[in-house]
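Structural characterization, general
What follows is the residue order along each chain.
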Amino acid sequence: MKRELVYFAWVRERIGHPRDIIESDAQTPAELVAELRNRNDHYAAAFADLAALRVAIDQELADFDTPLGHSREVAFFPPMTGG
């Protein structure tokens, strides 16, 4: 399925661009990350530590084992702090 991936903050900086449109059969964000890590060293660095990342599926916060279903957008970003 074709999806838009959006990267924020240091994730975007490590990858080198703000978004990708990819074709993937990944069923969860964790499976998607596994595919992305294999693209090149920039992706491997950005996704080295899932504990340092958050994910949103179609603009809804999710876990890395949440089914992607028919989602169109997956966003990756560092944890946010309030204040």
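Structure's up top.
Residues numbered from 1 in each chain as written. Predicted model: local features only at pLDDT ≥ 70, side-chain atom pairs only at ≥ 80, totals over all residues. Heavy atoms only, no water.

This part is about the pattern of salt bridges. Applying the stated rule across the entire model yields two salt bridges. Put simply, Glu 4 and Arg 19 hold a salt bridge, and the shortest N to O gap is 2.3 Å. Residue Glu 4 is located in strand 1 (residues 2–7), and its partner Arg 19 is located in strand 2 (residues 19–23); the two are separated by 15 residues in the primary sequence. For Glu 4, a relative accessible area of 23% corresponds to the partly exposed category. Asp 20 is the salt-bridge partner of Arg 39, the closest N and O atoms lying 3.4 Å from each other. With Arg 39 in the loop between helix 2 (29–37) and helix 3 (41–46) and Asp 20 in strand 2, this pair connects stretches of sequence that are 19 residues apart. On the basis of relative accessible area, Asp 20 is assigned to the buried category, the value being 12%. (Salt bridge = Lys/Arg side-chain N within 4 Å of Asp/Glu carboxyl O. Helix = DSSP H or I, 4+ residues; strand = E, 2+ residues; numbered from the N terminus. Buried < 20%, exposed > 50% of the residue type's maximum accessible area, 1.4 Å probe, protein only.)

Backbone-to-backbone hydrogen bonds pair the strands of a sheet. The strands run either parallel or antiparallel. Reading across from one edge, 2-1-5-3-4 is the order of the five strands in this open sheet, with mixed pairing throughout. Either end of the sheet is taken by a strand with one partner, and the two such strands are strand 2 and strand 4 (60–62). For this sheet, the mean angle separating the axes of adjacent strands, direction not counted, is 30°. Direction of pairing for strand 1 relative to strand 2: antiparallel, over a ladder of five bridges. Of the residues in strand 2, the one forming a bridge with Leu 5 is Asp 20. Strand contacts of helix 2: strand 1, strand 2, strand 3 (54–57) and strand 5 (73–77), with the helix running at about 75° to strand 5, the strand carrying the most contacts. (Pairing = 2+ DSSP bridges. Axes fitted to C-alpha atoms, helices over the stretch in contact; angles between N-to-C directions. Contact = heavy atoms within 4.5 Å.)

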